[in-house]
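Geometric and topological summary
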Amino acid sequence: MNKSYLKSYPDENGYFGEYGGAFLPPPLVGPMAKIEAAYKKYSRAADFVNELNYIRKHFQGRPTPIHYARNISEKCGGAHIYLKREDLNHTGAHKLNHCMGEALLAKYMGINKLIAETGAGQHGVALATAAAYFGMECEIHMGEVDIEKEHPNVVRMKLLGATVVPVSFGGRTLKEAVDSAFAAYVDSPDDTFYAIGSVVGPHPFPVMVRNFQTVVGFEAREQFIEMVGELPDHVGACVGGGCNAMGLFAGFLDDDGVKLHGVEPHGTGNELGQHAATMTYGTDGEMHGFKSIMLQDENGDPAPVHSLASGLDYPSVGPEHAFLKSIDKVEYHTASDKAALDAFYAMSRYEGIIPALESAHAVAWAMDVAKDMPGQTILLNLSGRGDKDIDYVAATFGHGEDYRL
Ligand SMILES: *Cc1c(COP(=O)(O)O)cnc(C)c1O
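Attention in this report is confined to the structure presented alongside it. This structure is a prediction, so every number in the text was calculated from the model and none was measured. Per chain, residue numbering runs from 1 following the sequence as it is written. The model is predicted, so local features are restricted to residues of pLDDT at least 70 and side-chain atom pairs to those at 80 or more, both for listing and for counting; the totals for chains, interfaces and linings are taken over all residues. The side-chain figures draw on all heavy atoms in the structure; neither hydrogens nor water molecules are used.

**Side note on the packing of helix H2 (residues 26–42) against helix H10 (residues 205–228)**
Quick note on the threshold: What counts as an axis is a line fitted to C-alpha atoms, over the stretch in contact for a helix, and the angles between N-to-C directions run from 0 to 180 degrees. Starting at the N terminus, helices and strands are each numbered in turn, a helix being any DSSP run of H or I of at least four residues and a strand any DSSP run of E of at least two. By convention the crossing between two helices is left-handed if the near helix lies anticlockwise of the far one by an angle smaller than a right angle, and right-handed if it lies clockwise. Residue contacts are defined here by distance: any two heavy atoms, one from each residue, within 4.5 Å place the two residues in contact. Ten residue types, Ala, Val, Leu, Ile, Met, Phe, Trp, Tyr, Cys and Pro, are classed as nonpolar, four, Asp, Glu, Lys and Arg, as charged, and the remainder, Gly among them, as polar.
Interhelical geometry of H2 versus H10 gives an angle of 35 degrees and a closest axis separation of 11 Å. The hand of the H2/H10 crossing is left-handed. In this structure, H2 contributes Met32, Ile35 and Tyr39 to the contact, and H10 contributes Phe205, Val207, Met208, Asn211 and Phe212. Taken together, the residues of the contact of H2 with H10 break down into 7 nonpolar, 1 polar and no charged.

Have a look at this one:
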């Protein structure tokens, strides 16, 4: 029998085909090897697995349900659209799935301090939640510009007991926050756990974060069969770094009849700086410790990116996505700011679910293609709820009073 996809990739050096790996400064080679060894040792041990399952059930509120989006499906005409409700996961998004896993691993390693950067604050809030649960210290590095913009998440992190370290150099946003958190980690890698927020970064993070997220796809496959009586025809998710997509895809990678779709942000146009559609416009390269497809400027540095959804504006993508594209296992599409905003209004008004702007990109894609797929089924990952976005959307674009589908 052939090995399942998930057991076949990555190889022992963290490569998905030619993508992935670990490109590290010398002081981090040892600490990453330690994390990898610990992950190998504990992740299949029953006590670790049982504790994580207990947390998922009793703290996070899993399993999250699947919802048949009847109203939108009828209005779009054609395909039946279903939603995996990760917005109902504790803290309102899928990110807690891997943050609890990373924090649990830190606990098993005897490490009591978590560190990370955050852009819009979503990863920071999820990690601060995990730290509070385990009684750990938590240090979140965040650019001063983002601290100003994302005030409610800063308040959340502080209430959860995290230390928010303002980053005041350079552009004072995510890129500088990464540098700052990285520098702090290099200073004390033995008693700190650097918790990466998606399926990106050096090995073992892309495989580790993916595996912590597979719960989404494993649940969804079973739930969908129970609800509909067969597998979905199409499975789709938005792609920033790519972890909510990998989590959902994981349930269906061995099902040849299921088509997988990733949706990236097309922002406001196709010039560099107007979008973050890495799969459409990017080229092979290496940044942040791994090899993948990335948006690069003429010097090979990370290019400026834009999306209405701050969780999607990353100039690269997890190496596994680059691989899945190269073997034609997943098709990658884009949705513009405008299409995502319309999907945000449509979901709110017609389904009674205010989605995260990130998740709205996946919905926008499905709403666009539904009419060409009569009678088929599309399962989407509704990666998060939109409470974090309502003030920005209402102030910038209004309440959607005039929006009609
Ligand atoms: C962070 C975030 C994303 C993007 O991250 P992925 O790693 O691509 O999943 C998508 N949706 C929500 C709600 C997020 O918070």
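Anyway, onward from the coordinates.
**Focus on the sheet that holds strand E8 (residues 193–194)**
Basically, it comes down to this: DSSP-based pairing: two strands are paired if at least 2 bridges between them are found.
Spatially, 4 strands are ordered E7-E6-E5-E8 in an open sheet, and the strand pairing comes out parallel. Of all strands in the sheet, those with a lone pairing partner are strand E7 (163–167) and E8, marking the two edges. Alignment of strand E5 (residues 113–117) against strand E6 (residues 137–143), held across 5 bridges, turns out to be parallel. Among the inter-strand pairings, Leu114 is bridged to a residue of E6, identified as Cys138. Together, E5, E6, E7 and E8 form the strand contacts of helix H9 (residues 174–187), whose direction differs from that of E5 by roughly 150 degrees.

**Re the sheet that holds strand E10 (residues 259–267)**
What the 6 strands build is an open sheet, ordered E3-E4-E14-E9-E10-E13; its pairing is mixed. With partners counted over all chains shown, the strands left at the sheet margins are strand E3 (66–68) and strand E13 (330–336), one partner each. Neighbour to neighbour, the strand axes of the sheet diverge by 25 degrees on average, direction disregarded. One ladder, built from 7 bridges, connects E10 with E13; its direction is parallel. Each residue of the ladder has a partner; that of Pro265, found in E13, is Ala335.

**Concerning the packing of aromatic side chains**
For the record, the criterion: Only the six-membered ring of Trp is used, alongside the rings of Phe and Tyr, when aromatic pairs are assigned; centres must lie within 6.5 Å, and planes under 30 degrees apart are stacked while those over 60 apart are edge-to-face, with the rest tilted. Remark: exposure states derive from per-residue accessible area (1.4 Å probe, protein chains only) relative to the maximum for the residue type, with buried under 20%, exposed over 50%, and partly exposed in between.
Enumeration according to the criterion identifies 15 aromatic pairs in this entry. Aromatic side chains Phe344 and Tyr345 sit 6.1 Å apart centroid to centroid with 70 degrees between the ring planes, which places their arrangement in the edge-to-face category. What makes Phe344 buried here is its relative accessible area of 5%. Their ring planes at 85 degrees and their centres at 6.0 Å tell us that Tyr392 and Phe397 sit as a pair that is edge-to-face. Judged by its relative accessible area of 39%, Tyr392 is partly exposed. Phe397 sits in the partly exposed class, given a relative accessible area of 39%. Taken together, the ring pairs in this structure connect Tyr5, Tyr9 and Phe323 into an aromatic cluster.

**Here's the deal with unusual backbone geometry**
The omega angle of the peptide bond from Tyr9 to Pro10 is 0 degrees, so this bond is cis rather than trans. Topologically, Pro10 is positioned in the loop between helix H1 (5–8) and strand E1 (15–16). A positive phi angle, near 60 degrees, is found at Asp328, a position not held by glycine. Note that Asp328 resides in the loop between helix H13 (319–326) and E13. Owing to a relative accessible area of 70%, Asp328 belongs among the exposed residues under this scheme.

**Description of the site of the ligand**
Cut-off, in case you're wondering: Here a residue is considered near a molecule or strand provided that any single heavy atom belonging to it is located within 4 Å of it. Here a polar contact is recorded for every N or O atom pair within 3.5 Å, except that within protein the pair must consist of a potential hydrogen donor and a potential acceptor, and residues adjacent in sequence are included only if both atoms are side-chain atoms. All accessible-area figures derive from a Shrake-Rupley calculation using a 1.4 Å probe, and residue coverage is judged against the displayed protein chains alone. How far each domain reaches was decided by an automatic or database domain assignment.
Every one of the 17 residues lining the ligand counts as a neighbour, but Lys95, Ser198, Gly240, Gly242 and Ser383 are closest to it. A distance of 2.7 Å is found between a nitrogen atom of the ligand and a side-chain nitrogen or oxygen belonging to Ser383. If the ligand stood free it would expose 380 Å²; the protein chains cover 97% of that surface. Its residues placed into classes, the shell around the ligand shows 5 nonpolar, 10 polar and 2 charged. Domain assignment of the residues forming the shell around the ligand places at least three in each of domain 1 (29–57 + 95–205) and domain 2 (61–93 + 214–397).

In short, geometric facts, not functional conclusions.
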